[in-house]
Amino acid sequence: MKYIRDPKRIREVLGKKVQFLLGDMACVYGGLLAGCSFFGGYPITPASEVAEGMARMLPRVGGTYIQMEDEIGSIAAVIGAAWGGSKSMTATSGPGFSLMMENYGYAVMTETPCVIVNVQRTGPSTGQPTLGAQGDMMQVRWGTHGDLEALALAPSTVQECLDFTIEAFNLSEKYRNPACVMTDGEIGHLRERIIIPDEKDMNLIERVPATIDKNKYIPFTNSQTIKDCKVPDFPTFGTGYRTYVTGLTHNEKGFPATDKQPDHEKLVKRITEKICDDADKLVMIEKLNLDNADIAFVTYGATARPAESAMEMARNNGIKVGLLRLKLVWPFPEKELAKLAKNVDKIIVPEMNLGQIVHPVIEAAKGNCEVVCAPKIGGEMHNPDELYKYLEGK
Amino acid sequence: MVEIKTAEELNKKFLREGMWPTIFCNGCGHGVVLEYTFWALEEIGWDMDKVVFASGIGCSSRLPGYINADGLHTTHGRAIAFATGIKAADPDLNVIIFTGDGDCAGIGGNHFIHAARRNIDMTVIMINNFIYGMTGGQLAPTAPLGSIATTAPYGNVEHPFDICNLACALGANYVARWTVTHPYQPIKSIKEGLQKKGFSLLEFLAPCPTAYGRRNKLGDIKKHWAWYDNNTILKEDYEKIMKYGTEKEKEQVKDKIPLGVFQDIQKPGFFELYDDLVKRLKEKETKKGESKK
């Protein structure tokens, strides 16, 4: 049976409007609310609860859950489902995300909308399966071979796990690019109060379907429906457009053009520009106390929480500290960071890795202020006291 | 209902314009499998808007590009997993996978195993030419013992993979093997496989004169094609000889590759069982709702 999104039924299955919920489950809720009708899963700690939640709830809203044979198969099925007309998603953690890298690139190259929830842990390799970390913030940007733009959100609360999963679907549908929810073991396994948004407050974005006359249809070029839009219209399989979709370099018709430099440049420039042209519109940041700050935390995900506490401690002690939280980490809000670097003396970037997002921060700061990496690895979050010490070190 | 009479008419109906010439070498068997598939589709009479082809990487995986239908040319070995998603999203679509021995039995083995086990409603057409042709002739998992490849320069010491045997063990609903040198049985088998609910595997032995025949000294194209007649045997004949034949007869056929339909059953497919599950849940909830009232 083909899935039809039924907002009333979805809310019936999700239950009460206000709930005390696990972060991983909030991703399930977000997916279902967004109209996800296919989930390809594979068990991995700390992301398994997303698959478990989907296995319980998807059949009840008319969607399909399949536990695939591995993460490569999961993302493959998710991409296939998108071409069959579904909004589709998967969830994984570090090692599974590494396995998905080839097909993640395939989704970029074939302009397939889909969502990956990555409940991050650390590595290299198996690392610490049950503990949180921010190990894949660069992998999501650079992990697959070739040139691409990433769409990556980092929730700091359970509510944001829900909201950002919906947002990830919106971004991926809008840009026809995979979008990732880069949560982590801390937020994924945290329980907090959430509010399920009302239908009227949700602005769901759907891919623009191909509707043009079949003889005039060109599958891999600017939209033939929306003016000056670099995102092509989507020819769902079975709708008669008879589209050939390939991960090879292809021309506008979708035919392989592997030995043609102009075709490759044109294609890859379009699929990156469709996102980076909109980079200014896409900024999703939270600013706290930045107006009169001498020092700023630049932070995202779970680490924003101890950073905020450290900021408050400092404010109480008369140190002028602010905080800039990246909700959408990729595309990186370069201009915002450049502006910030001119207004403060020092930026501190706490991360649960040995320094990943600190690099684009340094790049954007262009030497206008000092940028300090505040790493913590090993599966423990930063303690506010530890971060406070970075402030005193000024 | 067959309206088409000639190969030319068939090509006009099924081939995609603008993709020619093909990448295939002289004497290659892939085009023949494509034509057999067209005849089978013509006989079934499906609306080609509702037929989707998926493939991985390799020579055989280029076939969907030449067909005037939706096609998903995916990553190496993963076509079956992609196709699982397509079928889940739209059960009205008929999903056909073109794959090769390296793509399916090598790198994609695990996806093949689990799609067959789940009995996903799809037809996998694996063209087995004993070699990685596109990359220049490296050793394939189906290559006969002793065969020469660029990565087995002194002869293959690995036992070949019998993919039909594996599919039967996994409970696939339809399993058949033919060579490209006989037209009638393959067309009939493809038709049966396509119409079968659940997982179907069709293996085709096909020559690769460039990367396999040349190195293994199978002679010119004509002689290479004859190899397939001389080194295969109908499954029924093979079984009969192995049971009742003389020692000499057994010796003559023991290394030949059996052809035929190996499995033809009606196990319920994944999506049938999943639909039952959805229905069961709905009934349970309706009952619960009524008892509350």
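Everything numeric here is computed off the predicted structure, so don't read it as measured data.

S.K.: When you look at the sheet that holds strand β9 (residues 244-246) of chain A in this model, what are you seeing that I'm missing?
M.R.: Where strands meet in a sheet, backbone hydrogen bonds hold them as pairs that are either parallel or antiparallel. Within the open sheet, the 9 strands sit side by side as β9(A)-β2(B)-β1(B)-β3(B)-β4(B)-β8(B)-β7(B)-β10(B)-β9(B). Their pairing is mixed. Of all strands in the sheet, those with a lone pairing partner are β9 of chain A together with β9 (232-234) of chain B, marking the two edges. Neighbour-to-neighbour, the strand axes of the sheet open up by a mean angle of 20°, direction not taken into account. In this sheet, strand β8 (residues 199-205) of chain B lies alongside strand β7 (residues 174-179) of chain B in parallel orientation, the contact comprising 6 bridges. When the sheet's bridge partners are listed, A176(B) is paired in β8(B) with L202(B). Those strands touched by helix α7 (residues 184-195) of chain B are β3 (94-100), β4 (122-128), β7, β8 and β10 (257-264) of chain B, and its axis lies near 160° from that of β7(B).

S.K.: Would you mind showing me how to read the domain arrangement of chain A here?
M.R.: The extent of an interface is frequently quoted as the accessible surface area lost upon association of the parts. Residue and element names in this part refer to chain A. Here chain A is partitioned into domain 1 (7-201) and domain 2 (286-392). Averaged C-alpha coordinates put domain 1 and domain 2 at centres separated by 26 Å. Between domain 1 and domain 2, the residue contacts involve 24 residues of the former and 20 residues of the latter. Looking at the side of domain 1 that touches domain 2 residue by residue, the classes come out as 13 nonpolar, 7 polar and 4 charged.

S.K.: For this particular structure, what's the right way to read the pairing of strand β2 (residues 70-73) of chain B?
M.R.: Judged by which residues are buried, β2(B) turns out to be covered on both faces: D70(B) and L72(B) on one side and G71(B) and H73(B) on the other are all buried. As paired elements, β9(A) and β2(B) share 3 bridges and run parallel to each other. Paired with Y244(A) across the bridge in β2(B) is G71(B). Here strand β1 (residues 51-55) of chain B runs beside β2(B); their pairing, made up of 4 bridges, is parallel. Each bridged residue has a counterpart across the sheet, and for S55(B) the counterpart in β2(B) is H73(B).

Thresholds applied
Residues numbered from 1 in each chain as written. Chains lettered and ligands numbered in written order. Predicted model: local features only at pLDDT ≥ 70, side-chain atom pairs only at ≥ 80, totals over all residues. Pairing = 2+ DSSP bridges. Helix = DSSP H or I, 4+ residues; strand = E, 2+ residues; numbered from the N terminus. Axes fitted to C-alpha atoms, helices over the stretch in contact; angles between N-to-C directions. Contact = placed C-beta atoms within 7 Å. Domains from an automatic or database assignment. Nonpolar A, V, L, I, M, F, W, Y, C, P; charged D, E, K, R; others polar. Buried ≥ 20, exposed ≤ 12 C-beta atoms within 10 Å, placed from the backbone.

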